[in-house]
Amino acid sequence: MDCESLRRLISGCPILETAHLDNCYSNMDEKGTLTASLPYLKNLTIVGYTRKFFPIAIEAPSLEHLHIRYFLGFQWLGISQMPYLVSAWVEGRISDGCLIGFLNQICNAKEMCLRWETLAPLAVANGDVQLPSFPNLTRLTIKSDGCRSSLLHSLLSSAPKLQSLVIDLEFDGKFSAKNWKSEPACTPKCLLYSLEEIEIQDFVIKKDDMKMVAYLLKVGAVLKKVNVYLFDDDIGRDKKGLLSLLKLPRRSRACKVQTFLLGEEFYGDSNNDSDFDESDDFEDSDE
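Values in this document were obtained by computation on a predicted structure and should not be read as measured data. Starting afresh in each chain, residues are numbered from 1 along the sequence in its written order. Confidence filtering applies because this is a predicted model: local features only for residues at pLDDT of at least 70, side-chain atom pairs given and counted only at 80 or more, and all residues used for totals across whole chains, interfaces and linings. The basis for every side-chain value is the complete set of heavy atoms in the structure, and neither hydrogens nor water enter the calculation.

*Asks:* Report on the packing of aromatic side chains, specifying residues and quantitative values.
*Replies:* Here a pair means two rings of Phe, Tyr or Trp (six-membered ring of Trp) with centres within 6.5 Å. Their orientation is stacked below 30 degrees between planes, edge-to-face above 60, and tilted elsewhere. Overall, the coordinates contain one aromatic pair when judged by the stated rule. Pairing Tyr229 with Phe260 gives two aromatic rings, centres 4.8 Å apart and planes at 15 degrees, and the pair type is stacked. Residue Tyr229 is located in strand S11 (residues 225-230), and its partner Phe260 is located in strand S12 (residues 256-261); the two are separated by 31 residues in the primary sequence. For every residue, the accessible area (1.4 Å probe, protein chains only) is compared with the maximum for its type, and the residue is labelled buried under 20%, exposed over 50%, or partly exposed between those bounds. Since its relative accessible area comes to 11%, Phe260 is described here as buried. In DSSP terms, a helix is any run of H or I states spanning at least four residues, a strand is any run of E spanning at least two, and both are numbered starting from the N terminus.

Okay, structure coming up:
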């Protein structure tokens with residue numbers, strides 16, 4: 001379906017509440033933009049994998065849930081704010097010229113999932129990521145094959161009311177995080193006053209990953225629990241590394257650290273760690 005036909009179809013549904021656009025590709029020589037005004041639209045999903053999608057300019061002031069899963073240069077030209085946005089899941093790349101405007105439009109979301117690849121164009125020479133403020137954000141998921149310190153610092157600083165943080169390291173057995181460089185000069189407000197839960201997925205016992213967890217535990221003043229999901233059974237057998245993880249100092253006395261393997265609790269604060277040799281210190285297996 002060409003862009004104009006799709007525009008007419010959508011525009012002919014003025015009270016549409018849910019739209020799912022899957023693999024709607026433009027022709028190589030097509031220059032149209034998908035424009036539509038959908039004042040009642042509440043749920044919008046856009047999925048594509050291999051070819052260029054139409055540039056999109058949709059006015060959807062009532063939108064509550066947005067999910068974009070697209071892996072090429074996606075052009076979002078939305079022309080309205082989304083004051084009622086509850087969740088925004090963005091797994092893909094937004095064209096560089098549209099990214100700041102897009103982030104400003106989704107800034108009211110209460111729950112958000114972002115990939116490093118989505119935000120990478122905003123990184124400047126010194127590694128910082130320039131982001132708008134997310135004043136209502138309470139739950140954030142970050143997906144990255146190694147959580148860059150600059151990305152994490154910027155996101156936490158932009159979300160002063162954040163309560164729950166999920167970091168999916170997406171480790172695939174080939175490469176691990178090597179991006180934890182330094183701690184921020186100023187502690188993000190959420191780490192002092194609101195962040196209570198942290199979940200880390202696909203964790204491997206490497207130096208940079210341990211530094212990341214150590215930083216969060218050291219400055220998280222109101223943390224209640226940190227759940228670490230191990231990548232595989234080999235990591236679960238690294239008792240020396242797990243002990244180092246569980247013994248990291250914490251600012252919050254109420255914080256409980258637990259590790260999980262295949263969804264089941266493996267070791268935690270309440271576990272008997274008599275099998276561990278407490279004289280062993282953590283050593284990075286890469287070194």
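*Asks:* Tell me about the pattern of salt bridges, and please be specific about residues and values.
*Replies:* Within this document, salt bridges are pairs made up of a side-chain nitrogen of Lys or Arg and a carboxyl oxygen of Asp or Glu, the two lying within 4 Å of each other. Considering all chains together, one arrives at four salt bridges under this definition. For the salt bridge of Arg69 with Glu91, the shortest nitrogen-to-oxygen distance reads 3.0 Å. Of this pair, Arg69 sits in strand S5 (residues 65-74) while Glu91 sits in strand S6 (residues 87-94), placing them 22 residues apart in sequence. We classify Arg69 as partly exposed; its relative accessible area is 29%. Residue classification places Glu91 among the buried positions, given a relative accessible area of 6%. The partner of Arg139 in a salt bridge is Glu111, and the shortest N-O contact between them spans 3.8 Å. Linking Arg139 in strand S8 (residues 139-143) with Glu111 in strand S7 (residues 111-115), this pair joins segments that are 28 residues apart in sequence. Owing to a relative accessible area of 32%, Arg139 belongs among the partly exposed residues under this scheme. Among the ionic contacts, a cluster of salt bridges with common partners joins Arg69, Glu91 and Lys143.

*Asks:* Tell me about the pairing of S11, and name the residues and values.
*Replies:* One bridge is not enough; two strands pair if DSSP finds at least two bridges between them. Sheet topology note: the strand S10 (residues 197-203)/S11 ladder contains five bridges and is parallel. The partner of Ile200 across the bridge, within S11, is Val228. Judged from the five bridges that link them, S11 and S12 form a sheet pairing that is parallel. Each residue of the ladder has a partner; that of Val228, found in S12, is Thr259.

*Asks:* Tell me about the pairing of S6, residues and numbers included.
*Replies:* With respect to burial, S6 is a largely interior element, six of its eight residues being buried. Bridge count for S6 against S7 is four bridges, and the pairing is parallel. When the sheet's bridge partners are listed, Trp89 is paired in S7 with Cys113.

*Asks:* Run through the environment of Gly101, naming residues and quoting values.
*Replies:* Locating Gly101 in the fold gives a position in helix H2 (residues 96-105). When its relative accessible area of 38% is taken as the criterion, Gly101 is described as partly exposed. Sequence-wise, Gly101 and Trp76 are 25 residues apart; in three dimensions their C-alpha atoms are separated by 8.5 Å.

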